[in-house]
Amino acid sequence: MSRVVVAGGAGFLGSHMCDHLIARGDTVICLDDLSTGSRENVAHLMGCDRFSLVVTDISARVELESGDPVDAVCNLASPASPPAYLERPLETLAVGSEGTRRLLELAHEHGARFLMASTSEIYGDPLVHPQVESYRGNVDPTGPRSVYDEAKRFAESLTMAHHRAHGVNVGIARIFNTYGPRLSPGDGRVVSNFISQSLRGEPLTVYGDGSQTRSLCYVDDEIAGLVALMDSTLTGPVNIGNPDERTVLELAHLIVEVCGSRSPITFEPLPTDDPTRRCPDITLATTELGWSPKVELREGLARTMEYLAPRVMAA
Ligand code: UDP
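Residues numbered from 1 in each chain as written. Predicted model: local features only at pLDDT ≥ 70, side-chain atom pairs only at ≥ 80, totals over all residues. Heavy atoms only, no water.

A. Quick peek at the overall build of the protein chain. Summing up its helical and strand segments, the protein chain has 10 helices and 13 strands in all. Over its C-alpha trace the protein chain gives a radius of gyration of 19 Å, about what one expects of a compact globule, namely 20 Å for 315 residues. The principal-axis extent of the C-alpha atoms belonging to the protein chain is close to 55 × 45 × 35 Å. When contacts within the protein chain are restricted to residue pairs at least 6 apart in sequence, long-range pairs at least 24 apart make up 80% of them. For the protein chain, the exposed area adds up to about 13100 Å²; of that, 51% sits on carbon and sulfur atoms. Charge centroids of the protein chain, computed over 27 positive and 42 negative side chains, lie 1 Å from each other. (Helix = DSSP H or I, 4+ residues; strand = E, 2+ residues; numbered from the N terminus. Rg over C-alpha atoms; globule rule 2.2 N^0.38 Å. Contact = heavy atoms within 4.5 Å. Areas by Shrake-Rupley, 256 points an atom, 1.4 Å probe, with all protein chains shown as cover. Lys, Arg positive; Asp, Glu negative; His and termini not counted. Charge placed at Lys NZ, Arg CZ, Asp CG, Glu CD.)

B. A look at the packing of aromatic side chains. Applying the stated criterion to the full structure yields four aromatic pairs. With centroids separated by 6.2 Å and ring planes inclined at 40°, the aromatic side chains of Tyr-123 and Phe-176 adopt a geometry described as tilted. A residue pair is termed long-range when its members are at least 10 positions apart, and Tyr-123 in the loop between strand 5 (113-119) and helix 5 (146-166) and Phe-176 in the loop between strand 6 (170-175) and strand 7 (178-179) qualify at 53 residues. With respect to class, Tyr-123 is no different from Phe-176; both count as buried. Where Tyr-179 meets Tyr-218, the ring centres are 5.6 Å apart and the plane angle is 70°; that geometry is what we call edge-to-face. (Phe/Tyr/Trp six-rings, centres within 6.5 Å; stacked < 30°, edge-to-face > 60°. Buried < 20%, exposed > 50% of the residue type's maximum accessible area, 1.4 Å probe, protein only.)

C. View of the pattern of salt bridges. Applying the stated criterion across every chain yields a total of 22 salt bridges. Between Arg-189 and Asp-187 there is a salt bridge, with its nearest N and O atoms 2.9 Å apart. With relative accessibility at 22%, the residue Arg-189 sits in the partly exposed group. For Asp-274, the salt bridge goes to Arg-214, with nearest N and O atoms at 3.1 Å. With Asp-274 in the loop between strand 13 (265-268) and helix 9 (283-289) and Arg-214 in strand 9 (residues 213-215), this pair connects stretches of sequence that are 60 residues apart. Each member of the pair Asp-274 and Arg-214 is classed as buried. Residues joined by salt bridges that share partners form a network here, namely Glu-121, Arg-145, Arg-214, Asp-274 and Arg-278. (Salt bridge = Lys/Arg side-chain N within 4 Å of Asp/Glu carboxyl O.)

D. Layout of helix 4 (residues 89-110). Spanning 22 residues, helix 4 covers 31 Å between terminal C-alpha atoms, matching the ideal 32 Å at 1.5 Å per step. Its maximal kink placed at Val-95, helix 4 deviates by approximately 35°. Restricting attention to buried positions, one finds in helix 4 the residues Thr-92, Val-95, Gly-96, Gly-99, Thr-100, Leu-103, Leu-104, Leu-106 and Ala-107. One or two residues past the end of helix 4 sits Gly-111, with phi positive at roughly 60°. (Expected span 1.5 Å × (residues − 1). Bend = angle between axes of the 7 residues up to and from the residue.)

E. Broad picture of the packing of helix 4 against helix 5. The contact between helix 4 and helix 5 brings their axes to 9 Å, and the two run at 15°. As summarised for this structure, helix 4 and helix 5 are arranged roughly parallel, according to the angle between their axes. Classified by chirality, the crossing of helix 5 by helix 4 is right-handed. Two secondary-structure elements touch here, helix 4 through Pro-89, Thr-92, Leu-93, Gly-96, Ser-97, Thr-100, Arg-101, Leu-104, Glu-105 and His-108 and helix 5 through Val-147, Tyr-148, Ala-151, Phe-154, Ala-155, Leu-158, Thr-159, His-162 and His-166. Residue classes in the contact of helix 4 with helix 5 are distributed as nine nonpolar, eight polar and two charged. (Axes fitted to C-alpha atoms, helices over the stretch in contact; angles between N-to-C directions. Parallel < 35°, antiparallel > 145°, perpendicular 65-115°, else oblique. Left-handed = near helix turned anticlockwise from the far one by under 90°. Nonpolar A, V, L, I, M, F, W, Y, C, P; charged D, E, K, R; others polar.)

F. Focus on the site of the ligand. Within the structure, the ligand sits among 18 residues, and Thr-205, Tyr-207, Arg-214, Asp-274 and Arg-278 are positioned closest to it. Here Gln-212 contributes a side-chain N or O atom positioned 3.0 Å from an oxygen atom of the ligand. When isolated, the ligand has an accessible area of 520 Å², and the protein chains bury 96% of it. Elements represented by at least two residues in the shell around the ligand include exactly helix 6 (190-200) and strand 8 (204-207). (Near = heavy atom within 4 Å. Polar contact = N/O pair within 3.5 Å; in protein donor to acceptor, adjacent residues only side chain to side chain.)

G. Representation of the state of the cysteines in the model. Tallied over the full model, the rule gives zero disulfides. For the unlinked cysteine Cys-30, the closest cysteine sulfur is that of Cys-18, found at 4.5 Å. When its relative accessible area of 0% is taken as the criterion, Cys-30 is described as buried. Of all cysteine sulfurs, the one in Cys-279 lies closest to Cys-217, which takes part in no disulfide; the gap is 12 Å. Residue classification places Cys-217 among the buried residues on the basis of a relative accessible area of 0%. (Disulfide = S-S within 2.5 Å.)

H. Focus on the pairing of strand 5. Counting buried residues along strand 5, seven of its seven residues qualify, which places the element largely inside the surrounding structure. Direction of pairing for strand 4 (residues 72-75) relative to strand 5: parallel, over a ladder of four bridges. Residue pairing for strand 5: Ala-72 is matched across the bridge by Arg-113. In this region the chain leaves strand 5, passes through helix 5 and returns to the parallel neighbour strand 6; the handedness of that crossover is right-handed. (Pairing = 2+ DSSP bridges. Right-handed = clockwise from strand over helix to strand, strands pointing away.)

This is the structure in structure tokens:
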């Protein structure tokens, strides 16, 4: 049983992390500014005496209510959907830099394990495929997406600097596209958009010609990988994602089918710097953590649709 600080714990990934830790008996202090996360995501945990929610912006302040020891600090705080971080460029840079620094200092103070949720976005528009951890990436440092990509690259650098300078026990995960329940219908990411559009019978908005690829990991698998890393002593960085690579157009057709929808597909302009392809090489996670994803895409999409259906209809 551990006492774990989960920053961004009311967000999509963070709330699933809180669920997982509470279910196994840990105590969780969830820090969230509720900018892209929501109380609804953790409402079911509020009655548990091992769970607490502290509404705070970690870029400005990280103060725990009690001085009890902390065993692990998990940094899942950041807008992650492109429309969300493009609307909050300065906040995204701040949370990746100042927010990460404050959490690293907390981990250092407590001698706690520090888990950094980094991203496949650090590979930018990759010139190496599939992406191995040793690939250094192809990011435009001044492009619109750089607020997220460079914040995460800086966060990785800061994490390693605290490891080297202060001996902080750190683990860096590079998370690839993840989907599942608690993606909000208005989130703007591809799976939530396509499912919401399919359920409403509206056209699915494929950006570009849909030939760009993504590799989607179901949220329960992603959390299992992150927890395996947190519980280990591996520093990484380590890719945690599902190598089941699909084109966006293929995904659109699959989602229409899973939703039993008659929605047509329309094509809209490709956003600036949208990566052409993305697929993790997960050899390191498989060999060092004994982790690999289990949930098939069709099954995961059906579960996500079940979650989104009542919310889309109510909106
Ligand atoms: N995308 C799309 N239609 C949408 C939303 C996204 O075609 O309504 C595409 C987007 O251009 C990208 C891929 O789907 O190529 C994944 O986008 P998402 O925003 O989910 O995440 P990203 O991988 O770009 O961070």
